[in-house]
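Breakdown of the fold
Residues per chain, in single letters:
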Amino acid sequence: MKRNGSAKIYAGNYTIEEFLLSVMNSYKYGMMTEEEFCTAVKEYYDTHILDVSNNDSLKKVTEKMLPELIAKMEALGTASGSARTDQKRRIEAWILFKDCLDVLEQRFPLFSEEREEYLTTGLAGKDEVEYSDRYLLIEREMETLVRAETGEGDYLGFCHLYWEVKKRVLWEKFGIEWHSPSDRNPRVIFD
């Protein structure tokens, strides 16, 4: 549907969210490179009128977070000359990516807030490994490997298969000991 004679296509909240979740999950699970992700999002912005006026969260993602993420991802293509600086930039981009996904999937608090809480107080509610720089640097590769074995999932009990494979992949491939939510909460029943 075109609007006001514009060559751009009108996109409302649902359409925008569906596109962004699709392209973000494709990137997260290794089906696109950083360059392909940035190109897809920029092309969508160039060819669509984004109507997010009645959705503050989506407005924040489309107008602030994603442009910042794209700038960070594009900067990853140019080496700084320092491996430590390059790792820090990669981690910052990944954290911002996770925050964008959290907002789109309506998960709060954001990953960056949980990580900050853990780093400052040690009281965050997840396995500390998931907040470490080492984990964040390999998380996307790990997710790709795990999903290659488990498939999409989204069925009752899938979390147990996913956690089992994730635990094994993290240990065997990356030497990271990870404890699943069921390991950390043995008296809780997970579906």
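Here we summarise the structure given alongside this text. Treat the numbers as computed from the prediction; the structure is a model and nothing was measured. (Residues numbered from 1 in each chain as written. Predicted model: local features only at pLDDT ≥ 70, side-chain atom pairs only at ≥ 80, totals over all residues. Heavy atoms only, no water.)

Quick look at the overall build of the chain
Per the secondary structure count, the chain includes 8 helices and 2 strands. Listing each helix as α and each strand as β along the chain from the N terminus yields β-α-α-β-α-α-α-α-α-α. Across the 191 residues that make up the chain, the buried fraction comes to 40%. Looking at the chain alone, contacts between residues at least 24 apart form 59% of all its contacts between residues at least 6 apart. Here the chain has roughly 11,200 Å² of accessible surface; of this, 50% comes from carbon and sulfur atoms. Within the chain, the 36 negative side-chain charges are centred at a point lying 2 Å from the centre of the 26 positive side-chain charges. (Helix = DSSP H or I, 4+ residues; strand = E, 2+ residues; numbered from the N terminus. Buried < 20%, exposed > 50% of the residue type's maximum accessible area, 1.4 Å probe, protein only. Contact = heavy atoms within 4.5 Å. Areas by Shrake-Rupley, 256 points an atom, 1.4 Å probe, with all protein chains shown as cover. Lys, Arg positive; Asp, Glu negative; His and termini not counted. Charge placed at Lys NZ, Arg CZ, Asp CG, Glu CD.)

Remarks on the pattern of salt bridges
In the structure shown here, the tally under the stated rule is 14 salt bridges. With its nearest N and O atoms 3.6 Å apart, the salt bridge here joins Glu92 to Lys72. Of this pair, Glu92 sits in helix H4 (residues 83-104) while Lys72 sits in helix H3 (residues 56-76), and the two are 20 residues apart along the sequence. Glu92 sits in the partly exposed class, given a relative accessible area of 33%. Within the structure, one salt-bridge network assembled from shared partners comprises Lys72, Lys88 and Glu92. (Salt bridge = Lys/Arg side-chain N within 4 Å of Asp/Glu carboxyl O.)

Re H4
In this model, H4 (22 residues) spans 32 Å end to end at C-alpha, consistent with the 32 Å of a helix rising 1.5 Å per residue. Positive backbone phi, approximately 55°, marks Gln106, located one or two places after H4. (Expected span 1.5 Å × (residues − 1).)

Details of the state of the cysteines
A complete count under the given rule lists 0 disulfides for this structure. Take Cys100: it sits in no disulfide, and the sulfur closest to it among the cysteines is that of Cys38, at 11 Å. Residue classification places Cys100 among the buried residues on the basis of a relative accessible area of 0%. (Disulfide = S-S within 2.5 Å.)

Describing the environment of Ala83
When you line up the elements, Ala83 lands in helix H4. Taking the C-alpha atoms as reference points, Ala83 and Glu18, separated by 65 residues in sequence, lie 36 Å from one another.

Bear in mind that shape data such as this cannot, by itself, settle questions of function.
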